[in-house]
Amino acid sequence: MPMFKTPFNGYSVKFSPFYEHRLAVATSQNFGILGNGRIHVLDINPSGGPMAEISSFETADGVYDVTWSEENENLLVAAIADGSVKLYDLALPPAGNPIRSLSEHTREVHSVDWNPVRRDSFITSSWDDTIKLWTVDRPTSVRTFKEHAYCVYQSVWNPRHADIFCSASGDCTVRVWDVREPVSTMILPAHEFEVLSCDWNKYDDCLIVTASVDKSIKVWDVRNFRVPITVLNGHSYAVRKVKFSPHRQSLIASCSYDMTVCLWDYQVEDSLVGRYDHHTEFAVGVDMSVLVEGLLASTGWDEMVYVWPHGTDPRAP
């Protein structure tokens, strides 16, 4: 299976929504505590073998997340540990990048998500407890959302509604926001410990999945959010990232500090349908390809990136 060794510790991996063979990886030196960062753009070799790096961008601080534009196949946005948000254009030479650096967050930026419906805007989440809304053509943010009482680790747009997103925070809540409203529209008391990740279901726009330091994954229906639809237990340490499948309504991918990547079907009794233990350090980034059903990617603090079809061994040659 395709794999790639990064010089720094992996933090996030994202498949391109335009090219089925391309992905971006965010990395940080010294486990993101202190030092530089690097963004890698990799092409998967269809016949197997190592991935080819087609571009890379150095940063003075660690890179915690990266996402692709939904309207320009060459545009990337990165969340940086110095509080900045940087935009990169693969069509330009390295000297022409970044094409923009947005410095409003006062602490580390931990996540970035591009609006898949409107396609001209993105949100960033920060350890300064805020979420910011940006458009590509504006040098300053459109709006700041400040209600969380602690770090916001991830914010994700609803896949069908252009104005709605959810956010996961260290204050143990998940909030649902509508950019047309002055305050959040819903507060889910999701976990008893920090909530590290959240995502919307791609087929039922009322379902949210959350992941926590408490080692559990929960699925919620925003129409009745007093209790979760289901609780998925199986990770032995904090669950760092969780993602709904773009192809199967009930499929969820997760990665954890227990060094595993897991696949779950929350609608069946034996919900854990796959466990991959290919990483030798914290597994902190996972993604599922929109263009190729069943194709997974992961990265971790072992400085490795893996791409593999579900049901196969990520380490297989």
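We now turn to the structure provided with this report. Just so you know, these numbers come straight off a predicted model, no measurement behind them.

**As for the sheet that holds strand β20 (residues 216–221)**
Okay, so step 1: Ordered by their spatial adjacency, 4 strands build an open sheet running β18-β19-β20-β21, and the pairing between neighbours is antiparallel. Each edge of the open sheet carries a strand with a single partner, namely β18 (195–200) and β21 (230–233). Across the sheet, the mean angle from the axis of one strand to that of its neighbour is 20°, orientation sign disregarded.
Okay, so step 2: Looking at chain direction, β20 and β21 are connected through 4 bridges and run antiparallel. Looking across to β21, one finds that Lys218 is bridged to Val231.

**Overview of the side chain of Lys218**
Okay, so step 1: Residue placement: Lys218 occurs in strand β20.
Okay, so step 2: Put simply, Lys218 is tucked away with no salt bridge, and the nearest opposite charge, on Asp214, sits 4.7 Å away.
Okay, so step 3: Polar contacts involving the side chain of Lys218 include one to the main-chain carbonyl oxygen of Ala190, which spans 3.0 Å.
Okay, so step 4: For Lys218, the contacting residues outside a window of four places in its chain are Ala190, His191, Ile208, Val209, Thr210, Pro228, Thr230 and Val231.

**Things to note about the environment of Leu23**
Okay, so step 1: In this structure, Leu23 sits in strand β3 (residues 22–28).
Okay, so step 2: Residue Leu23 is classed as buried on the basis of its relative accessible area of 0%.
Okay, so step 3: Considered as a pair, Leu23 and Ser121 are 98 residues apart in the sequence and their alpha carbons are 20 Å apart.

**Comments concerning the sheet that holds strand β1 (residues 3–5)**
Okay, so step 1: Read across the sheet, 4 strands follow the order β1-β28-β27-β26 without closing on themselves; strand pairing throughout is antiparallel. Both outer strands of the open sheet, β1 and β26 (283–288), are each paired with one neighbouring strand and no more. Strand-to-strand twist of the sheet, defined as the mean angle between neighbouring strand axes without regard to direction, takes the value 15°.
Okay, so step 2: Sheet topology note: the β1/strand β28 (residues 304–309) ladder contains 3 bridges and is antiparallel. Bridging across to β28, Phe4 finds its partner in Val305.

**Thoughts on empty space enclosed by the protein**
Okay, so step 1: Taken as a whole and assessed by the stated rule, the structure comprises 1 cavity of 30 Å³ or more.
Okay, so step 2: Within this model, the largest cavity holds a volume of roughly 70 Å³.
Okay, so step 3: Along its surface, the largest cavity is lined by Tyr11, Tyr64, Asp65, His110, Ser111, Tyr153, Gln154, Leu196, Arg240 and Lys241.
Okay, so step 4: Going through the elements one at a time, β6 (63–68), β10 (109–114), β14 (152–157) and β22 (239–244) are the ones with two or more residues in the lining of the largest cavity.

About the cut-offs
- Residues numbered from 1 in each chain as written.
- Predicted model: local features only at pLDDT ≥ 70, side-chain atom pairs only at ≥ 80, totals over all residues.
- Heavy atoms only, no water.
- Pairing = 2+ DSSP bridges.
- Helix = DSSP H or I, 4+ residues; strand = E, 2+ residues; numbered from the N terminus.
- Axes fitted to C-alpha atoms, helices over the stretch in contact; angles between N-to-C directions.
- Buried < 20%, exposed > 50% of the residue type's maximum accessible area, 1.4 Å probe, protein only.
- Lys, Arg positive; Asp, Glu negative; His and termini not counted.
- Salt bridge = Lys/Arg side-chain N within 4 Å of Asp/Glu carboxyl O.
- Polar contact = N/O pair within 3.5 Å; in protein donor to acceptor, adjacent residues only side chain to side chain.
- Contact = heavy atoms within 4.5 Å.
- 1 Å grid on protein atoms, 1.4 Å probe; cavity = no way out; pocket = protein on both sides within 12 Å on 5 of 7 lines; lining within 4 Å.
- Points joined across faces, edges and corners; volume = space filled by probe spheres on them.

From the geometry alone we can't say anything about function, so treat these as descriptive.
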